[in-house]
Amino acid sequence: MIRLFAYELRRYLFNKFFIGLLLVTSFFSVQIMGGEIILGVAGTAPFSPWSFGAYLAKMLPFLLVALLFFLSFLTSEQEKRVHALTDVTPIHPYRFLFLRYCAITTAFTLIALVPVGYACWFYGFVFQYTVFGSLILPLFCTVLPAFLFIMGLGTFVGHFNPALLYGLMPAVLLVGLLPMSGPFDLYGTNLFMSYPLTLEELDPSFFLPAPVILWKVGYSLAGIIIGIFALRRSSRVSGGRLRY
């Protein structure tokens, strides 16, 4: 099990695409933090949970494109060769599928640690701020629902037409550029940059309004349900053998 997981993880980490994704993510982490977040957002401190959340929301399109790249590996020519090996292994297909998605999640987490790690370094070096525990809630509230939703949607799209995954990538970037408002905003950029201004206090404590929480939960559940539906349908079509 461990060897199979290590093999799958190496497929995502040791390739030119991963290096490119690291470079792109690092570049935009520096640009966004130094250009838009350094002065703080909505009257809050640059190291407040609100500003940190806005920073992550602006980084999400690039992180989600990386996730879609990882999902596209499951439909590559190399993947077809891998099937020839996995079909004769004693491991249960669902267990192997679980390992593969754990490897994708790990690769995504490593990419996501680039902007998070840079933010922690930046806050400590520039502002001598090291109370990073206050940043955990906006981190999970911002990244996790978007990750689950795009993971499920990417699995669904890749199952029906792998080429559509590459069409989904610019769509993910475009959504990050659109001036979206309301609780349904998947990334939450408008929430972090505008909502604190509606509160009658300076640098308010971080919390999410109830409608936003409902939409975040809804996106998470939708991603899980869509992904499971796609995988179960793939299994039926393949005669009991799991195929992406």
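So, a few notes on the structure that sits alongside this text. (Residues numbered from 1 in each chain as written. Predicted model: local features only at pLDDT ≥ 70, side-chain atom pairs only at ≥ 80, totals over all residues. Heavy atoms only, no water.)

### Concerning the packing of helix 3 (residues 49–72) against helix 6 (residues 136–160)
Here is step 1: One way to put it is that helix 3 packs onto helix 6 with a least axis distance of 9 Å and a crossing angle of 20°. Viewed along their axes, helix 3 and helix 6 adopt a mutual orientation that is roughly parallel. For the element pair helix 3 and helix 6, the recorded crossing hand is right-handed. Contacts from Pro49, Phe52, Gly53, Leu56, Ala57, Leu60, Leu64, Leu67, Leu68 and Leu71 in helix 3 reach Pro138, Leu139, Thr142, Val143, Ala146, Phe147, Ile150, Met151, Gly154 and Thr155 in helix 6.
Here is step 2: Classifying every residue of the contact of helix 3 with helix 6 by side-chain character gives 16 nonpolar, four polar and no charged. (Axes fitted to C-alpha atoms, helices over the stretch in contact; angles between N-to-C directions. Helix = DSSP H or I, 4+ residues; strand = E, 2+ residues; numbered from the N terminus. Parallel < 35°, antiparallel > 145°, perpendicular 65-115°, else oblique. Left-handed = near helix turned anticlockwise from the far one by under 90°. Contact = heavy atoms within 4.5 Å. Nonpolar A, V, L, I, M, F, W, Y, C, P; charged D, E, K, R; others polar.)

### Focus: empty space enclosed by the protein
One simple way to see leftover space: roll a probe sized like a water molecule over the atoms.
Here is step 1: If you walk through the whole model with that rule in mind, you get one cavity of 30 Å³ or more.
Here is step 2: Lining the largest cavity we find Gly182, Pro183, Asp185, Gly188, Leu191, Val212 and Lys216.
Here is step 3: The residue inventory of the lining of the largest cavity, partitioned by class, reads three nonpolar, two polar and two charged. (1 Å grid on protein atoms, 1.4 Å probe; cavity = no way out; pocket = protein on both sides within 12 Å on 5 of 7 lines; lining within 4 Å. Points joined across faces, edges and corners; volume = space filled by probe spheres on them.)

### Some points on the packing of aromatic side chains
Here is step 1: Per the stated rule, a full pass over the model turns up 31 aromatic pairs.
Here is step 2: Ring geometry for Phe52 versus Tyr123: centroids 6.4 Å apart, planes at 65°, classification edge-to-face. With a gap of 71 residues between them, Phe52 in helix 3 and Tyr123 in helix 5 (residues 93–127) connect regions that are remote in the sequence. Each member of the pair Phe52 and Tyr123 is classed as buried.
Here is step 3: Between Phe149 and Tyr219, the ring centres sit 5.1 Å apart and the planes meet at 70°, which makes this aromatic pair edge-to-face. Taken as a pair, Phe149 in helix 6 and Tyr219 in helix 9 (residues 210–237) lie far apart in primary sequence, 70 residues in all. The exposure classification of Phe149 matches that of Tyr219, with both residues buried.
Here is step 4: One aromatic cluster in this structure is built from Phe47, Phe52, Tyr55, Tyr118, Trp121, Phe122, Tyr123, Phe125, Phe127, Tyr129 and Phe132. (Phe/Tyr/Trp six-rings, centres within 6.5 Å; stacked < 30°, edge-to-face > 60°. Buried < 20%, exposed > 50% of the residue type's maximum accessible area, 1.4 Å probe, protein only.)

Just distances and angles here, no functional claims.
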